[in-house]
Structures are given as structure tokens and as C-alpha cells.
Amino acid sequence: KSLRVCPKKIGENFSCSCNELKTLKGCPEIINGEFSCYKNKLISLEGGPIEVEDSYYCDHNELISLKGFPKKNKDFDCNSNNLEIENLLELYYLNNNLKYINLKNNERLGKLQDIENFTELNQILKVFNKKKEIKKNINNKKTAKINKI
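Residues numbered from 1 in each chain as written. Predicted model: local features only at pLDDT ≥ 70, side-chain atom pairs only at ≥ 80, totals over all residues. Heavy atoms only, no water.

Spatially, the three strands line up as an open sheet ordered β1-β3-β5, and their pairing is parallel. Looking along the sheet, the strands with just one partner apiece sit at the ends: β1 (9–10) and β5 (51–52). Of the pairings in the sheet, the one linking β1 to strand β3 (residues 30–31) comprises two bridges and is parallel in character. Within β3, the residue paired with I10 across the bridge is I31. (Pairing = 2+ DSSP bridges. Helix = DSSP H or I, 4+ residues; strand = E, 2+ residues; numbered from the N terminus.)

The next thing to look at is the packing of aromatic side chains. What the rule picks out here adds up to five aromatic pairs. Residues Y56 and F69 carry aromatic rings whose centres are separated by 5.7 Å and whose planes lie at 45° to one another, so their mutual orientation is tilted. You can see Y56 sitting in strand β6 (residues 55–57) and its partner F69 sitting in the loop between β6 and β7 (75–77), a full 13 residues away along the chain. For the residue pair Y56 and F69, the accessibility class agrees, reading buried in each case. Aromatic ring contacts, followed pair by pair, group F14, F35, Y56, F69 and F76 into a single cluster. (Phe/Tyr/Trp six-rings, centres within 6.5 Å; stacked < 30°, edge-to-face > 60°. Buried < 20%, exposed > 50% of the residue type's maximum accessible area, 1.4 Å probe, protein only.)

You can see K111 is positioned in the loop between β8 (100–102) and α2 (118–148). Taking the C-alpha atoms as reference, K111 lies 13 Å from L125; in sequence the two are 14 residues apart.

Our focus in this paragraph is the pattern of salt bridges. According to the stated counting rule, one finds five salt bridges in the structure shown. Of the charged contacts, one joins E29 and K8 as a salt bridge, the two residues approaching to 3.6 Å between their closest N and O atoms. Here E29 is found in the loop between β2 (14–15) and β3, whereas its partner K8 is found in the segment before β1, with 21 residues between them in sequence. Residue classification places K8 among the exposed positions, given a relative accessible area of 58%. One salt bridge in this structure joins E116 and K104, with 3.9 Å as the shortest N-O distance. Highlighted residues: E116 in the loop between β8 and α2 and K104 in the loop between β8 and α2, separated in sequence by twelve residues. Among the residues examined, K104 registers a relative accessible area of 31% and is labelled partly exposed. (Salt bridge = Lys/Arg side-chain N within 4 Å of Asp/Glu carboxyl O.)

Moving on, we come to the state of the cysteines. As enumerated under the stated definition, the model contains zero disulfides in all. Just so you know, C6 is unpaired, no disulfide at all, and the nearest cysteine sulfur is the one on C27, 6.1 Å from it. Given a relative accessible area of 22%, C6 falls into the partly exposed group. C18 forms no disulfide, and the closest cysteine sulfur to it belongs to C16, at a distance of 9.8 Å. (Disulfide = S-S within 2.5 Å.)

This part takes up the sheet that holds β2. Spatial strand order, β2-β4-β6-β7-β8: five strands in an open sheet with parallel pairing. One side of each edge strand has no neighbouring strand; the edge strands of this open sheet are β2 and β8. Of the pairings in the sheet, the one linking β7 to β8 comprises three bridges and is parallel in character. Each bridged residue has a counterpart across the sheet, and for D75 the counterpart in β8 is Y100.

Another point: unusual backbone geometry. With a phi close to 55°, H60 is a non-glycine residue in the positive phi region. For H60, the position within the fold is in the loop between β6 and β7. With a relative accessible area of 37%, H60 lands in the partly exposed category. Of note in this structure, S80 is not a glycine but carries a positive phi near 60°. Inspection of the secondary structure assignment puts S80 in the loop between β7 and α1 (85–94). Residue classification places S80 among the buried positions, given a relative accessible area of 17%.

Right, dumping it as C-alpha cells:
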């Protein structure tokens, strides 16, 4: 099962849901409506559309990465996947024009799975990212000290 024969651009909604897909390779690049790829066997969004004018539905997959997330879209529904907070940092870097996000049933996210406002999530990710960078700098300094010895 694949998306090999899809056109590059779709003028309205596009769905490839419920097809046991393992990859979005061959998917249209631009979708001028909603994009649905829910209930497949995807572990990432690589090969998916670059632009989605409306909502992006990738719930009920096996996502462990958000690589391939489009640069443009409004709402994002990725409930019931295997995401962790590090995966959400990909959203923080890639897409700042999101308005709504659904993270429910991503148990590894803890309380973050209840956040629906992307601006609020972005603030949390900003703090998390800053802490991660500080920790990385501390580890680099420790490594530098060890290398001097």
C-alpha cells in the first residue's frame, strides 16, 4: 500500500486514512484543504505534505517523530500516538502558525496531553528547550574539564 500515484497539488481535502500505510512518501506536497492520514502505521510524517491550508489529522498511528510536519497549517490532531516531549520540540522549531493542537492519549506526555492551545504549548516548549540547552552546556563544560586532565 502506497501513495505513489498522487498528484503534487490537491485543490481540496485529501485523505489516505485507514490504509495501513507505513510512510507518506508520494503524498501531495500542497493541499488546499484538510489532510487526513489517521489510523495507519506511520512512525513519522516524512514524505507528507509541505503545506496544508486547514487541519492536519494524523491521530491513531504509531508516531514517535514529527519529522516531516508541514511548514504551514492551522490545526493539528495527533492524539493516540507514542510521542514524547522531545518530539514536540520539532513542532516548536517547524511551525509557529498553529492555533490548535490535540495531543490526547499520548501517555508519555503526561499533563502536556491536555493542552489544546498551541501558543500555551509553545511557551512550555520554549522553557523546556532552554533547560535542555543549559543542561547540554553544563555537560559540554564537564566533558571539556575531563579532556584537560
